[in-house]
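# Structural overview
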Amino acid sequence: MQIRFLGAARNVTGSCYCLEVGDSRILIDCGLYQERDLKERNWAPFAVDPKSVDAVLLTHGHLDHCGLLPRLVAQGFDGPVFSTPATMEIANIVMQDSGRIAEEDAAYKRKRHAKEGRNPEDLKYPVVPLYTKEQAEAVAGMFTTVEYNNAKTVAESIEATFHDGGHILGSSMISIEAGEGEDKRRIIFSGDIGRWDVPIICDPSTFEQADYIICESTYGNRDHKPNDQIPEQLASIVNDTIKAGGKIAIPSFAVERSQELLYHLSGLLSEGRIPHIPVILDSPMAIRVTDVFEKHPELFDEEARELLKQGKHPCDFPELRETRTSDESKMVNKYDKPCIIIAGSGMCTGGRIKHHIKHMISYPEHTILFIGYQAYGTLGRIILEGAEEVRIHGREWPVEARIERINGFSAHADRSEIFKWLSALKSPPRKLFITHGEQEAAFAFAKYVNEKTGWDIDVPDYQDIKQLD
Ligand SMILES: [Zn+2]
C-alpha cells in the first residue's frame, strides 16, 4: 500500500494524491495548478497513466481540486468519478468555465501572435487550450454520486466514505478503508478543512481514529481575524456610500464567497440595518452556483434551515437581481442610483467587475469593497495598495472612489482550527502528512503539531512516494 503525492505538496494548488492498494489505483482529487511558477505542471504528462486509474474521488468543486479532470479524461481515464451531488454540480460549472477561459486565452494569444507577425510554426509550443469546454463537458457523464456517511467500494480493497468538510457546499473529507484483514488501514484525506460557525454550511466533520492522515495547511502558520464583525462593517460601508449617493462594487469569487455575502446582505436588509436598495449579482457563474445552493437545502446548517422555515432563503431576497446576459450587465453601468454590485473575477483580473470598476473608480461617491484575498500583481491588489491611477482596458483611470476591505471571510480553517480538527483523534496516527500549504506554512504547521503532540509528521515533496504499512 502506497501513496504518491502528485500535487499540493509543499505548495497550495494542484491537489492530487494517488493511492495504490494491491492492484487498485485511485486518485483523490485532480486539481489545476494556479501558482504562476507551477502552471507548467498542468501541461506535463500525468505521473501515472490515466488509463491505469480505477477511479477518482473528488473532495470538492474548487478548480485546484477538480481542474485537471478534463485533461485526465482526454488522456484516457474512463473510470468513475465519485463525489457528492453538490460537488458534482459545482465541479461541472467550474471545469466548463475553465475550459471556456482556456479556449478564449488560446484564441487571444493566436490573434496577438498574428498581429506581431509571428509564424505559428516557429513557436516552441503550439497555442492550444489546456482543454476545451467540450472536453470539460465530457466529464459530466462520468460521475457516480455518493451521500455523506455512506461507505462505498470504489475499487478492489478500497472503501471510501465522504464526510462533510464544512469548506464549501458539498465539500468532503474522505476516509478510506484500504486493504484486507489485519493489513486494513484507515486513511483520512482532509480535503480543504472548513471552519466552525460560518454561514449556511455545516461545521467540519471530525474523526476519532486514523492510521494515516493527509492534512491541508493553507493557513498552517497563522490565525484568521475574527469574523463576527462582518455584518457590522458591511452595514456601515453600505450606509456611508448610500449617504454619499454612490454605488458599491464588490469583486467576489463565484463559489461560496458570493453566497456568503448574499447571506449577510439578506440579514442586514431584513433587519432594516441597510435600506432596500437593489443587490445585483452580476456574475453568470456565481448565479449558477447560487442555483446549486437553492437545490440543496439539506446541506445547510441549523441557522440557514431556520431561515427556510420562516420562508426566507439565505441566498435569495426581494432586492436581489441576477443579470445573466452581458446586455443586462451593461444596463447596470447606466443605473445611477445607490446599489450593490457583486461581480467577478474575485481579484479583478478579468470579467464584468473590471467594467464596473472602470465606470466607478474615478468618482468619490462610489465604493470598491474587497472581501477576498488579492494576489500580488492583480488589479485588485494594485487598487488596495493605494494606487492613484490604475490601468483598465488600455486606459489610465484616476482613483477617487472609496476603497474598503473587510477581513475575516475565509473558507479555510486557520492554524488553531486545523489543530482543533486533528485534536479530535483519540490516539496518534501512524503518520500525519502535511500538504496543501506553501513550504513555510506546511513546515511551520508540522513543527507546531509535533511540539504539541509528538506525532510522527512528514511534509512530502512533489512526486514523493510513501509506503503505508
Ligand atoms: Zn477549496
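Everything discussed here concerns the structure shown above.
Residues numbered from 1 in each chain as written. Predicted model: local features only at pLDDT ≥ 70, side-chain atom pairs only at ≥ 80, totals over all residues. Heavy atoms only, no water.

### Here we look at the environment of Cys 30
- Relative to the helices and strands, Cys 30 resides in the loop between β3 (24–28) and β4 (55–57).
- In sequence terms Cys 30 and Thr 59 are 29 residues apart; their C-alpha atoms lie 9.7 Å from each other.
- With residues near it in sequence (within four places) discarded, Cys 30 still touches Ser 15, Cys 16, Phe 46, His 65, Cys 66, Gly 67, Leu 68, Leu 69 and Leu 72. (Helix = DSSP H or I, 4+ residues; strand = E, 2+ residues; numbered from the N terminus. Contact = heavy atoms within 4.5 Å.)

### What to know about the coordination of the zinc ion
- His 60 (NE2), His 62 (ND1), His 167 (NE2) and Asp 192 (OD) make up the full set of protein donors to the zinc ion, lying at 2.2 to 2.3 Å.
- Considering all four donor atoms around the zinc ion, the spread of angles at the metal, 92 to 167°, places the coordination shape in the irregular class.
- Donor residues for the zinc ion sit on one chain with the sequence pattern H-x1-H-x104-H-x24-D. With His 167 in the loop between β8 (158–164) and β9 (172–178) and Asp 192 in the loop between β10 (185–189) and β11 (212–216), the pair connects residues that are 25 residues apart, well separated along the chain. Each member of the pair, His 167 as well as Asp 192, is classed as buried. (Donors = N, O, S within 2.8 Å, 3.2 Å for Na, K, Ca; no water. Tetrahedral: all angles 85-135°; square planar, octahedral: opposite > 155°, others 65-115°. Buried < 20%, exposed > 50% of the residue type's maximum accessible area, 1.4 Å probe, protein only.)

### Re the nonpolar core
- Among the nonpolar cores identified, the biggest contains 100 residues, and Ile 26, Leu 57 and Ile 176 are the most heavily contacted of them.
- Considering every element that reaches this core, the biggest residue donor is helix α3 (residues 85–115), with seven residues.
- When we break this core down by domain, the ones giving at least three residues each are domain 1 (2–222 + 413–467) and domain 2 (230–405).
- For Leu 57, the residues in contact, after removing those within four places along its chain, are Ile 26, Leu 27, Ile 28, Asp 29, Phe 82, Val 154, Ala 160, Phe 162, Ile 174 and Ile 176.
- Core analysis: the second largest hydrophobic core is formed by 23 residues, Met 173, Ile 188, Ala 210 and Cys 215 among them. (Core = buried A, V, L, I, M, F, W, Y, C linked by side-chain atoms within 4.5 Å. Domains from an automatic or database assignment.)

### A word on helix α10 (residues 352–360)
- Of all the nine residues making up α10, seven are buried; the element is thus mostly covered by neighbouring parts of the structure.
- Here α10 has its buried residues at Arg 352, Ile 353, Lys 354, His 356, Ile 357, Lys 358 and Met 360.

### Topic: the packing of helix α6 (residues 257–270) against helix α7 (residues 284–295)
- Close contact between α6 and α7 brings their axes to 9 Å; oriented N to C, the two are set at 70°. With respect to α7, the axis of α6 lies roughly perpendicular. Between α6 and α7 the crossing geometry is right-handed. In this structure, α6 uses Ser 258, Gln 259 and Leu 262 to contact α7, whose residues at the interface are Ala 286, Val 289, Thr 290 and Phe 293. (Axes fitted to C-alpha atoms, helices over the stretch in contact; angles between N-to-C directions. Parallel < 35°, antiparallel > 145°, perpendicular 65-115°, else oblique. Left-handed = near helix turned anticlockwise from the far one by under 90°.)

### Some remarks on the packing of helix α9 (residues 326–334) against α10
- For the pair α9 and α10, interaxial distance at closest approach is 10 Å and the crossing angle is 20°. For the element pair α9 / α10, the angle class is roughly parallel. Where α9 crosses over α10, the two elements pack in a sense that is right-handed. For the pair α9 and α10, the contacting residues are Ser 326, Ser 329, Val 332 and Asn 333 in the first and Arg 352, His 355, His 356 and His 359 in the second.
- Looking at the contact of α9 with α10, its residues break down into one nonpolar, six polar and one charged. (Nonpolar A, V, L, I, M, F, W, Y, C, P; charged D, E, K, R; others polar.)

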